Amino acid sequence: MEKENLMCSLRIKGTEVSLALEQSTLSWSFSKRRAYRKKSITVSIPVNEIVTVHPGDSKQQTKRISAPSNQFTVYHVSRKSSQRWFLQMVTFTAPDAQVAYSWVQAIQKKTSEIGHPRPKKLLVFINPYGGRGKACRIYYSKISHLFLLAGIHTDVIETTRANHARDYILDADLWPYDGVVCVGGDGMFSELLHGLVTRTQSDRGVFEDKEDAKLTPCDLRIGIIPAGSTDCVCFATMGINDPVTSALHIIIVLSEHALIWHLSMTSSKEGQTSRVIMAGGRSDFTCDHGRRKVRLHV
Ligand SMILES: Nc1ncnc2c1ncn2[C@@H]1O[C@H](COP(=O)(O)OP(=O)(O)OP(=O)(O)O)[C@@H](O)[C@H]1O
């Protein structure tokens, strides 16, 4: 994209705006006429909070657009409160399709360069019976389209019994995935955590039952879409149990407070404590994994 296109005049719903893509922000300013003076208003969003950018308007979302469009839509995180996130979208109209296409390319490039690598493929377990039996509805009505929009491929498994997710993780080919996500409550999170810790050790030839075994880090991340009855783990780390907020954290993997965890473990000198380091999260807490304490922290 030509440098001059990184800052140019476009329109939002007919109003002229000046859009600028900088190192870590995308911002647009428009003039608002008030009485006899003009007031310039600028909206600025961090590039790492852009979920995706697509050609066309928001109705087109993930549909393929056959004819070139002079519009493009930026989907980004917005906040209802400090903890509750939702998806916001803004459609820009460019002078022609080539300019719109250049913006899409430039924003896509920038979002791929900034922050942590985003997940491309996730393994999702839904517990249809957890909570009040609402997990499937939550996932298919509120979450699956967000992953699709963000270009994340998912393999979805609806569990048919207790420990289904844990046993699957112990046995399955996990290499295609960047993360494992549960749609359920604390019991489901527990299945994922213990399954992954144990699977990692067995893959690396570590006998975790041995007193002095040094646990190895796990490359996969864990995410929770809260759909249980109490969702304590989600509350403890996010301060809220909102499925959309969790999904957006999973998609953009912000380092400050993402609820998608990168498990990285080291045994302490005493050989009893393993650290599970999250790529984000808000507070510490500890779970038991066999005789060990597994600590999750920011
Ligand atoms: N298909 C299934 N049938 C029966 N039990 C299941 C199934 N899938 C998972 N489970 C088990 O159900 C238990 C409870 O599920 P989950 O944690 O999702 O919901 P919850 O107990 O309502 O939530 P919370 O723990 O937040 O109160 C889990 O420990 C899991 O092992």
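See the structure printed just above.
Residues numbered from 1 in each chain as written. Predicted model: local features only at pLDDT ≥ 70, side-chain atom pairs only at ≥ 80, totals over all residues. Heavy atoms only, no water.

Caption draft 1: Expanded view of the overall build of the chain. Scanning the chain from terminus to terminus reveals 6 helices and 15 strands. Considering the chain as a whole, with its 298 residues, one finds that 49% of them fall into the buried category. Restricting the contact set of the chain to residue pairs at least 6 apart, pairs at least 24 apart contribute 58%. A total of about 14900 Å² of accessible surface is found on the chain, and carbon and sulfur atoms cover 50% of it. (Helix = DSSP H or I, 4+ residues; strand = E, 2+ residues; numbered from the N terminus. Buried < 20%, exposed > 50% of the residue type's maximum accessible area, 1.4 Å probe, protein only. Contact = heavy atoms within 4.5 Å. Areas by Shrake-Rupley, 256 points an atom, 1.4 Å probe, with all protein chains shown as cover.)

Caption draft 2: Quick look at helix H2 (residues 135–149). Between its first and last C-alpha, H2 extends 20 Å over 15 residues, near the 21 Å set by a 1.5 Å rise per residue. Helix geometry: H2 is bent most strongly at Ile-143, by close to 45°. Those residues of H2 that sit buried are Ala-135, Ile-138, Tyr-139, Ile-143, Leu-146, Phe-147 and Leu-149. At the C-terminal side of H2, Gly-151 shows a positive phi close to 75°. (Expected span 1.5 Å × (residues − 1). Bend = angle between axes of the 7 residues up to and from the residue.)

Caption draft 3: Here's a closer look at the state of the cysteines. All told, the structure shown has 0 disulfides when counted by the stated rule. Looking at the unpaired Cys-182, the closest cysteine sulfur is the one in Cys-234, lying at 9.0 Å. Residue Cys-182 is classed as buried on the basis of its relative accessible area of 0%. (Disulfide = S-S within 2.5 Å.)

Caption draft 4: Expanded view of the environment of Phe-125. With respect to the helices and strands, the residue Phe-125 is situated in strand E8 (residues 121–126). Distance from Phe-125 to Ile-225, taken between C-alpha atoms, is 9.8 Å for residues 100 residues apart in sequence. What Phe-125 contacts, discounting residues up to four positions off in sequence, is Ile-157, Thr-159, Ala-165, Tyr-168, Ile-169, Val-180, Val-181, Cys-182, Val-183, Met-188 and Leu-192.

Caption draft 5: Structural view of helix H3 (residues 164–171). If you check which residues of H3 are buried, you get His-164, Ala-165 and Ile-169. Across the axial projection of H3, the buried residues extend over an arc of 130°, all falling on one side. In this structure, the buried side of H3 is in contact with E8, strand E9 (153–158), strand E10 (179–184) and helix H4 (186–203). (Arc of directions from axis to C-beta.)

Caption draft 6: Local environment of unusual backbone geometry. One non-glycine residue with positive phi stands out, namely Lys-13, at about 45°. Here Lys-13 is to be found in the loop between strand E1 (7–12) and strand E2 (15–21). Looking at Lys-13, the relative accessible area reads 81%, which means it is exposed. Located in the positive-phi region is Asp-231, a residue other than glycine, with phi close to 50°. As for its placement among the helices and strands, Asp-231 is situated in the loop between strand E11 (221–226) and helix H5 (232–238).

Caption draft 7: Molecular detail of the nonpolar core. The biggest cluster of nonpolar side chains holds 26 residues, and the ones touching the most others in it are Val-51, Ile-143, Phe-147, Val-183, Ile-225, Leu-248 and Ile-251. Among the elements of the structure, strand E6 (71–79), strand E7 (85–93), E8, H2, E10 and helix H6 (243–252) are those that each provide at least two residues to this core. Counting residues per element, this core draws most heavily on H2, at 7 residues. The contacts of Ile-251, once residues within four sequence positions are left out, are Val-51, Arg-118, Pro-119, Leu-146, Phe-147, Ala-150 and Ile-152. Leu-10, Leu-26, Ala-106 and Ile-107 belong to the second-largest nonpolar core, a separate cluster that totals 23 residues. (Core = buried A, V, L, I, M, F, W, Y, C linked by side-chain atoms within 4.5 Å.)

Caption draft 8: Structural detail: the pairing of E8. For E8, a buried count of 5 out of 6 residues is recorded, marking the element as mostly surrounded by other parts of the structure. Note that E8 and E10 share 5 bridges and pair parallel. Paired with Phe-125 across the strands is Cys-182, a residue of E10. (Pairing = 2+ DSSP bridges.)

Caption draft 9: Structural context of the packing of aromatic side chains. Taken as a whole, this structure holds 6 aromatic pairs when the rule is applied. With centroids separated by 5.3 Å and ring planes inclined at 25°, the aromatic side chains of Phe-72 and Phe-92 adopt a geometry described as stacked. Here Phe-72 is found in strand E6, whereas its partner Phe-92 is found in strand E7, with 20 residues between them in sequence. The two residues Phe-72 and Phe-92 agree in class, both being buried. Relative to Phe-147, the ring of Tyr-139 has its centre 6.3 Å away and its plane inclined at 50°; by these criteria the two rings are tilted. The same class applies to Tyr-139 as to Phe-147, namely buried. One aromatic cluster in this structure is built from Trp-28, Phe-72, Phe-92 and Trp-103. The aromatic ring of Phe-86 is capped on one face by Lys-80, whose charged end is 4.9 Å from the ring centroid. (Phe/Tyr/Trp six-rings, centres within 6.5 Å; stacked < 30°, edge-to-face > 60°. Lys NZ or Arg CZ within 6 Å of the ring centre and 35° of its normal.)

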